[in-house]
Amino acid sequence: MTRHIEMLDALFKHATEGIVVVDKTGTIVMLNPKARELFGYADTELIGKKIEALIPQRYSKNHVGYRNEYLEEPKARGMGHLMDLFAKRNDGSEFPVEVSLSPFKTSVGEFVVSFIVDITERKKQEKRIIDANLEIQKLNAELEERVELRTKELANALQKIEESQEEVLRALKKEKELNNMKSQFVTIASHEFRTPLATILSSASLISRYTTTEEEEKRHKHVQRIKSAVTNLTEILNDFLSIGKLEEGHVHIVPVEVNLAAFGNTLVEEMQGLCKEGQQIQFQLTGNAEVWLDKQLLRNILFNLLSNGVKYSEPGKIISLNIKADSESVVIEVKDQGIGIPLADQSNVFDRFFRAQNAGTVQGTGLGLNIVSKYVDLMGGTVSFSSEVGIGTTFVVTLPNLVPAKSKSISL
């Protein structure tokens, strides 16, 4: 037990998140070195002060009410749903934070531990991504306007062939600049996510070692939160890398013989680890078990569709994967019981960077379904869907049953 206490003390002291513990009155009773560093205080300056000392003055008055309300019925949760949170340093400066709360009891009373992360760099990166996306949209609009103008010029003045050629070259140069900017955007975003991935994985591995103490349930929730963040960041990174490969024409069809039963069961088993509490992925196969498809692209398509079903469905819901195959085609149906897609958004779901208005805080890039549509096109298939808000969404992918000699590639 002493060894465990020493290890927990080391984890508390060396955690990369700020940790602040308050009692039932909102008084700070303990904080780790990272928290003191974040807020710019000496070792014991904050002990005995109210938690409002760390909150900007314009929020602190209302925070007292929120704090008292929370302490009446404390439970583990994040703070600031759908809103930005800010903390105040000792010098009065402010910085954006992400905060999660966990109540606990000891022999001396009830306490709440706050995990605080400085997300200044994340906010800067989000702004860079937004700015880059706006620039991409601007360049797209300019390019479309140029192409439309050029079409009218060709129709009205065929004799100006030489001038027309120059205009076409300028339009092509503009398009190349646009593609270069998109590729640069992908590279920057991918690079920025690698470091937090390594950090989160390391922390999750460390925390998950402590399995025999009375705090196991709370630590398990913390571990799951970190692993969930890793999964989300990994999906984002994979999306960006997939777009980059597609744009560069590096994705090619390589049909192999696929046993759909084994393939589906393996994929479902892998996906089950990403499911929320009580969620299940049900797999059913009818018709041919052996088909010829590009196995990796098929996996990428189904992983995107199933992960969307998991992300946008509540705990306890069922996500269905039904595959029907014959000698000519493979028809795949992925059905969830999630939030559904609003009718006004349905025409745009396969557009790059598009996210439905009811996606809320569910993490995503708006690239997954765009990638699915590109992969399906590459494999010579079709994809469609039906959806109703509050009921769920069903995607249907139809792919040709290929033979080994058939292969092709796509270049965007």
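Residues take numbers from 1 onward in each chain, read along the sequence in its written order. In keeping with the model being predicted, local features are shown solely for residues with a pLDDT of at least 70 and side-chain atom pairs are shown and tallied solely at 80 or more, while totals for entire chains, interfaces and linings include all residues. For side-chain calculations, the full set of non-hydrogen atoms in the structure is used, while hydrogens and water are omitted.

Caption draft 1: Focus on helix α3 (residues 57–72). Where helices and strands are cited, they refer to DSSP runs of H or I of at least four residues and of E of at least two residues respectively, numbered from the N terminus. Take the residue count of a helix, subtract one, and multiply by 1.5 Å to get its expected span. For α3, which comprises 16 residues, the first-to-last C-alpha distance of 24 Å matches the rise-based estimate of 22 Å (1.5 Å per residue) to within 8%. In this scheme, the bend at a residue equals the angle between the axes fitted to the seven residues that finish there and the seven that begin there. At histidine 63, α3 is bent by approximately 40°, the largest bend along its length. Among all positions in α3, only Ser60, His63, Arg67, Tyr70 and Leu71 are buried. By definition, residues are in contact when any of their heavy atoms lie within 4.5 Å. Buried-residue contacts for α3 involve β1 (18–23), β3 (77–78), β5 (94–106) and β6 (109–118). Whether a residue is buried, partly exposed or exposed follows from its accessible area with a 1.4 Å probe, protein chains only, as a fraction of its type maximum: under 20%, in between, or over 50%, in that order.

Caption draft 2: Spotlight on the packing of helix α7 (residues 260–272) against helix α8 (residues 295–311). Here the axes come from fitting lines to C-alpha atoms, over the contacting stretch only for helices, and the angles between their N-to-C directions go from 0 to 180 degrees. At a minimum axis distance of 11 Å, the contact between α7 and α8 shows a crossing angle of 40°. In terms of orientation, α7 lies oblique with respect to α8. As α7 packs across α8, the resulting crossing turns out to be right-handed. From α7, Leu260, Phe263, Leu267, Glu270 and Met271 reach across to α8, where they touch Lys295, Leu298, Arg299, Leu302, Phe303, Leu306 and Ser307. We call two directions roughly parallel when the angle between them is under 35 degrees, roughly antiparallel when it is over 145, roughly perpendicular when it lies between 65 and 115, and oblique otherwise. Crossing handedness follows the turn of the near helix against the far one: under a right angle anticlockwise gives a left-handed crossing, and clockwise gives a right-handed one.

Caption draft 3: Main features of the sheet that holds strand β12 (residues 382–388). Read across the sheet, five strands follow the order β8-β10-β11-β13-β12 without closing on themselves; strand pairing throughout is mixed. The sheet is open, and its two edges are formed by β8 (280–287) and β12, each paired on a single side. Between one strand axis and the next, the sheet turns by 10° as a mean value, whatever way the strands run. Think of it this way: DSSP has to see at least two bridges between two strands before they count as a pair. Two elements, strand β11 (residues 329–335) and strand β13 (residues 392–400), share seven bridges in a ladder whose sense is antiparallel. Counterpart to valine 331 in the pairing with β13 is threonine 398.

Caption draft 4: Representation of the pattern of salt bridges. Counted as salt bridges are all cases of a side-chain nitrogen of Lys or Arg within 4 Å of a carboxyl oxygen of Asp or Glu. Scanning the entire structure with this criterion turns up 10 salt bridges. Residue glutamate 110 is joined to lysine 24 by a salt bridge in which the shortest nitrogen-to-oxygen separation is 3.5 Å. Here the residue glutamate 110 occupies a position in strand β6, and lysine 24 occupies one in the loop between β1 and β2 (28–31), the gap between them amounting to 86 residues. Assessed through its relative accessible area of 32%, glutamate 110 is described here as partly exposed. Accessibility expressed as a relative area gives 38% for lysine 24, which makes it partly exposed. Its salt-bridge partner being glutamate 121, residue lysine 124 comes within 3.6 Å of it at the nearest N-O pair. On the criterion of helical spacing, the pair formed by lysine 124 and glutamate 121 is a turn pair, its members being three residues apart in helix α4 (residues 120–156). Judged by relative accessible area, glutamate 121 falls into the exposed class, the value being 52%. One salt-bridge network, held together by shared partners, links Asp84, Lys123 and Glu126.

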